[in-house]
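Survey of secondary and tertiary structure
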Amino acid sequence: MTMINIKIKNIVILTVLLSVITACSNKTTPVQKQPTKPLARATWIAPELETDQQRNERMAWWRAARFGLFIHWGVYSVPAGVYQDKPAAAEWIMLRSQIPVDDYKAYATDFNPQKYDAEKWVLAAKNAGMKYIIITAKHHDGFALYDSKVTDWDVVDASPYGKDLLKPLAEAARKHGIKLGFYYSQAQDWVHAGGAKHKHVQWDAKQKGSFNQYINDIAAPQVKEILSNYGDIAVLWFDTPVGVRQAHVKQFYQHLALQPDIITNNRLGGGALGDTVTPEQYIPALGIPGHDWETCMTMNNSWGYRSNDQQWKSSSELIHKLGDIASKGGNFLLNVGPTAQGEIPAQSLVLLDDIGQWMKINSEAIYGTEQSVFTFLDWGRVTQKTLANGNTRLYLHVWHWPQSRQLTLPLSNQVVDSFLLANQANQVGLKVTTTADGKILMLPKQAPDKVSSVIVLDIVGKPQLTQNRFNQPLNNGQYILDTSRVMLHNHLGSHMFIVDSEHGVANDDSDSSNESAKSATNASSATNASRAKQTKISQWQIKPGRKAEAWIEWQVEFQQVGQYQLSSLLSSDIENSQAIKAIVEYLGVDESQLKKLYNKRGRVISPKGQALTITTANVSKQPYSVDFGVINISKPGIYRLALLPVERPIESPVEKPVKKQKNNNSADMGLVASGKGWLGPDVYHLSVNPIKAIKSVNEKLTVKRALVSSL
C-alpha cells in the first residue's frame, strides 16, 4: 500500500512539473470559444432589455460557430422555376408569375419527397464544417413543412407525403450536435386570406382578408407550434416584415418564452431589433461594427430549387467568402434548395464537400475568431483570436500566394511564432523581417492549399497597424479610389459586384430581390502589379419600383484642406443615359467615427453632404473619363466619397414614393420608375486631384487611362 502511495505521489509531482513547463512555453493556445452551454434562462428577455452579460452568454455559441446551412424548401420546388413552359422564379414563383391560389395549391399534389433523408442532410452540413441549420418552416407561399393545427395548407394535409418534415431533421440535428433554427415568414403569405403581399399587391380574390386576423389565426399560432414541438430551437429567422406593427410584435414575443435562449434576426418588423443583422447576398466591406451579423447567400442565383439555374459559384469563391466574412466578425449562412423529391442538388453537395475538405485542416482559423483590424489586403484576409496569455493569434488566409515568396502585413507588433496551419503537427517557423511597412514573411515556394493557405502568426498584445484602413494620397496629393478599398451597398433590389474588366458576367433575372448577386466585394486592387488585372464594379442597377438604395463608397483621409477635382473612369454599353450623384460627407478625425455610418439596426445610412451630379451620356465599352466638378475640403479628417443613382420620386399605384429630403444636398432615394429600371455604368475608379497640381496629375492620368483603354 505504501509503494502505491509513493508512485501516485511521484506521478502527481511529474504532472505538476510538466504543467509548469508547458505554461512557460511560447507555444500558447487560443482561448476556447466553444463554451459549455450555460444554464437555460427561466424566461425569454427581449434583446432590447437584456444586459450585456446576458446577451454575451446567449450569443456565445453563435459567435463561435461562424458557419451555418440555410435550407429553402417547399411546394415551389415542384414547378422548379418553370411556369407555363417558360423560365420563372424559384420560391417567389407564385408572386412573380401571379399564379392563382387554387392553381398554386395544386402543385402540392406533386410534392412527395420520398428521397428525403434528414440525417444525410445534417451530415452534409456537419462534414462541411457547419455548426447550425436553418430551414424554412414556412415561406411566403404559406406552405408549412409540418402538421400545423391552424391550417390544412401543410405537408401532412395537402401533399401525398403526409408526414412532418421538420421532426426527423430536429432528431438528426440533435444526434449529431448541430443546432437547429427555423425560418418563418411572419407577414407575407400568398395563400392564406389576409396575409401580406409584396408591395400589397393582390392578384386573387381569395387573398383578401384582415391582416390582423391573419396574425391572430395563422402566424402567431404557427410560431407557437414550431417553438413547442421540436425540442431546443436555436434561431428563429423572420423575413419580409410587410405591414408588421408593434402590436403584432407583442403577439410573437409572447411565444418566444417557449425558447428563452433563442436568437432572432432583424426582420420581424414593428420596431423589433432582434439579435442579428442579415445582409443578403453581399458582404459588408467593413463588417457591421457593434452588431452581430450574418450574411446569407446562395450557391447559385436561387434560394429555392430552380432546375434551369446552373450559375454555380465555385468552391474557391465560397471558401474565400467564408474567410472574408469571419475576418469582419460575421457569420456565413450558405443556402441549398432541395428538390421536390427531397434531395439536395448534386452540385450543392460537391461544393459542401469541397468546403469541408478545407475546413478539416483550417477550421481553427474560422471557429471562434474575432473581427480583424486588417480590412483591405490584396493577397487575402486575416482572422484572429485572443490567446490565454493576452497575446493575439493571427490567421493569414492567403488566397494569392506571392511568386516572390514575400508576404507583407502592415503590423508593428513583435512576432512570437509563425508557422503554416496545414503543417501544425511539425511546426517550422517562418522567417519574419520587420520594415517600416510592417512585417515581411518569407514563404515556402509552394502554397499548401491552392485555394486558401493559412499562416499562423502569434504576436505580443493586440494588433497595431503600420497604416490605417482609409485611402491615402499618393506623393503628389492625388487619390485613386479603385475596387481594392470600396464599399458596395447592395440593398434590396440591387446586386453590384466586382469583376475583372476582361470578363463579363451574365445578368440573371433573379426570383428574389437580389438573388443574382455575385458579391465579390473588396476584390484585389486594380493597380496591383502582382495580379496584373484591372477590376471594375459591374451590374450597378436597380429594378423597377425599388428604392434607389445602391451606392458605391470609399472612406478617405484628407490630410490637406483645399479644393479637389473629382472625376471617374467609367464604361457602359447601355443606350439610355443615367444620372449619377457624387456625395462628399465629413465623418470625423479618427476611426471611431465610422460608427456614424450605421443606424441602430445595423443598416448603413445613406450619405449626405456636398453633391455633384453628372449624366453618363457616353455609350462605350471602352473606359472613358467624366468630371463631376470641384469639392471643398474645409478641415482635415475622414470623409465618405460616394457615387449614388439619381432618381426622382414617382407616383406608384402600389407603393408611395419616399419623400425627398429637405436638404438638397442629401441623396435622392426615391423609387425607380417602371421600364428597365435604373442602369448604371461600370465603375473602374474615382480620382480626387488637388487643384494646385491638376495639370501634372491629369497628365499622369492620361497615361493610366490609355493603359486601361487597351484592355
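Everything discussed here concerns the structure shown above.
Residue positions are given per chain, counted from 1 along the sequence in the order it is written. Totals for whole chains, interfaces and linings use every residue, but because this is a predicted model, local features are given only for residues with pLDDT of at least 70 and side-chain atom pairs only at 80 or more, for both listing and counting. Where side-chain values are given, they derive from all heavy atoms of the structure, hydrogens and water being excluded.

Broken down by element type, the chain carries 12 helices and 30 strands. Buried residues in the chain amount to 57% of all 711 residues. Of the contacts formed within the chain by residues at least 6 apart in sequence, a portion of 76% connects residues at least 24 apart. Computed by Shrake-Rupley with a 1.4 Å probe, the accessible areas treat only the displayed protein chains as cover when residues are assessed. Of the accessible surface of the chain, which amounts to about 29900 Å², a share of 51% is contributed by carbon and sulfur atoms. Counting from the N terminus, the helices are the DSSP runs of H or I reaching at least four residues and the strands are the DSSP runs of E reaching at least two. Accessible area is worked out with a 1.4 Å probe on protein chains only. A residue is then buried under 20% of its type maximum, exposed over 50%, and partly exposed in between. Contacts are residue-level and defined by heavy atoms, with any inter-residue pair within 4.5 Å sufficient.

Summarising the element assignment, Leu169 is placed in helix H7 (residues 166-175). The exposure class assigned to Leu169 is buried, which follows from its relative accessible area of 1%. Sequence separation between Leu169 and Asp117 is 52 residues, and the spatial gap between their C-alpha atoms is 8.5 Å. Residues contacting Leu169, with those up to four places away along its chain left out, are Tyr116, Ala118, Trp121, Val122, Ile133, Ile135 and Leu180.

Along the chain, Asp482 falls in the loop between strand S18 (479-481) and strand S19 (487-490). Along the backbone, Asp482 and Val683 are 201 residues apart, and their C-alpha atoms lie at a distance of 8.7 Å.

The next thing to look at is the pairing of strand S16 (residues 438-442). Paired strands, as defined in this entry, are two strands with at least two bridges between them according to DSSP. As paired strands, strand S13 (residues 406-409) and S16 are joined by 4 bridges and run antiparallel to one another. Paired with Gln406 across the two strands is Met442, which belongs to S16. Note that strand S15 (residues 431-435) and S16 share 5 bridges and pair antiparallel. What sits directly across from Lys431, in S16, is Met442. From the end of S15 to the start of S16, which pair antiparallel, there are 2 residues.

Here the focus is the nonpolar core. Counting 121 residues, the largest nonpolar core has Trp73, Tyr104, Ile133, Ile135, Leu169, Phe182 and Leu236 as its most contacted members. With 9 residues, helix H8 (residues 211-228) is the largest single contributor of residues to this core. Excluding anything up to four places from it in sequence, Leu236 contacts Phe182, Tyr184, Val223, Ile226, Leu227, Leu256, Ile262, Ile263, Thr264 and Asn265. Counting residues in hydrophobic clusters, the runner-up holds 35 residues, among them Leu488, Ala550, Ile552 and Trp678. The definition of a nonpolar core used throughout is a set of buried Ala, Val, Leu, Ile, Met, Phe, Trp, Tyr and Cys residues joined through side-chain atoms within 4.5 Å.

Pairing is antiparallel across the open sheet formed by 3 strands, whose spatial order is S13-S16-S15. Each edge of the sheet is formed by a strand with only one pairing partner; in this case those strands are S13 and S15. Along the sheet, successive strands turn relative to each other by an average axial angle of 25°, direction set aside. Interaxial angle, 0 to 180 degrees, is taken between N-to-C directions of lines fitted to C-alpha atoms, where a helix line uses only the stretch in contact.

Quick look at the environment of Tyr479 now. Among the structural elements, Tyr479 can be located in strand S18. On the basis of relative accessibility, which here comes to 1%, the residue Tyr479 falls in the buried class. Residue contacts for Tyr479: discarding those within four places in its chain leaves Asn471, Gln472, Pro473, Val556, Glu557, Phe558, Gln559, Tyr564, Leu686, Ser687 and Val688. In this structure the side chain of Tyr479 is engaged in a polar contact, spanning 2.7 Å, whose partner is the backbone oxygen of Glu557. A 3.5 Å cut-off defines polar contacts: any pair of N or O atoms within that distance qualifies, except that in protein one atom must be a possible hydrogen donor and the other a possible acceptor, and neighbouring residues in sequence count only when both atoms are side-chain atoms.

Spatially, 5 strands are ordered S19-S23-S28-S25-S26 in an open sheet, and the strand pairing comes out antiparallel. Two strands lie at the open edges of the sheet, namely S19 and strand S26 (610-616), each paired on one side alone. Neighbouring strand axes in the sheet, compared pairwise and without regard to direction, differ in orientation by 25° on average.

What follows covers unusual backbone geometry. Its identity as a non-glycine residue notwithstanding, Arg66 has a phi of 70°, on the positive side. Within the secondary structure, Arg66 is located in the loop between helix H2 (52-65) and strand S1 (67-71). Residue Arg66 is classed as buried on the basis of its relative accessible area, which comes to 5%. The residue Gln539 is not glycine, and still its phi comes out positive at about 55°. With a relative accessible area of 12%, Gln539 lands in the buried category.

Moving on, we come to H8. Along its 18 residues, H8 runs 24 Å from first to last C-alpha, staying within 8% of the 26 Å computed at 1.5 Å per residue. Considering bend angle alone, the principal kink of H8 is centred on Ala219 and spans about 25°; proline Pro221 follows within four residues of it. Along H8, the positions that sit buried rather than exposed are Phe211, Tyr214, Ile215, Ile218, Ala219, Ala220, Gln222, Val223, Glu225, Ile226 and Leu227. To estimate how far a helix should extend, the number of its residues minus one is multiplied by 1.5 Å. At every residue, the bend is computed as the angle between two fitted axes, covering the seven residues ending there and the seven beginning there respectively.

Planes of paired rings set the category: under 30 degrees apart is stacked, over 60 is edge-to-face and the rest tilted, where pairs are Phe, Tyr or Trp rings (Trp by its six-membered ring) whose centres lie within 6.5 Å. Applying the stated criterion across every chain yields a total of 27 aromatic pairs. Members of the aromatic cluster, joined through ring pairs, are Trp73, Tyr104, Tyr107, Phe111, Tyr116, Trp121, Phe143 and Trp153. Counted as over-ring charges are cases with an Arg CZ or a Lys NZ within 6 Å of the ring centre that also lie within 35 degrees of the ring normal. Here the basic side chain of Lys131 rests over the ring of Tyr367, its NZ or CZ set 4.6 Å away from the ring centre. For Lys179, the ring lying beneath its charged end belongs to Trp61, and the centroid distance is 5.1 Å.

To continue, consider the packing of H8 against helix H9 (residues 246-256). The axes of two packed helices give the description: the angle between them and the distance between them. Where H8 contacts H9, the two axes come as close as 9 Å, and the packing angle between them is 15°. With respect to their mutual orientation, H8 and H9 come out roughly parallel. Judged by the sense of rotation from one axis to the other, the crossing of H8 with H9 is right-handed. Where H8 abuts H9, its residues Phe211, Asn212, Ile215, Asn216, Ala219, Ala220, Val223, Lys224 and Leu227 lie against His248, Gln251, Phe252, His255 and Leu256. Note that Gly is not counted as nonpolar here; it falls among the polar residues with everything else outside the nonpolar set of Ala, Val, Leu, Ile, Met, Phe, Trp, Tyr, Cys and Pro and the charged set of Asp, Glu, Lys and Arg. Residues of the contact of H8 with H9, tallied by class, amount to 8 nonpolar, 5 polar and 1 charged. Each angle receives one of four descriptions, namely roughly parallel if under 35 degrees, roughly antiparallel if over 145, roughly perpendicular if within 65 to 115, and oblique otherwise. Helix crossings fall into two classes, left-handed where the near helix is turned counterclockwise from the far one by less than a right angle and right-handed where it is turned clockwise.

For the rest of this paragraph, the subject is the pattern of salt bridges. Between side chains of opposite charge, pairing is possible as soon as their charged atoms come close. One speaks of a salt bridge when a side-chain nitrogen belonging to Lys or Arg is within 4 Å of a carboxyl oxygen belonging to Asp or Glu. Evaluation of the coordinates by the stated rule reveals 21 salt bridges. Two residues, Lys175 and Glu119, come together in a salt bridge whose shortest N-O distance is 2.7 Å. With Lys175 in helix H7 and Glu119 in helix H5 (residues 118-127), the pair connects residues that are 56 residues apart, well separated along the chain. Owing to a relative accessible area of 59%, Lys175 belongs among the exposed residues under this scheme. Given a relative accessible area of 30%, Glu119 falls into the partly exposed group. Among the ionic pairs, Arg267 bridges to Glu280, the shortest N-O distance being 3.0 Å. With Arg267 in the loop between strand S7 (263-264) and strand S8 (276-277) and Glu280 in the loop between S8 and strand S9 (292-298), this pair connects stretches of sequence that are 13 residues apart.

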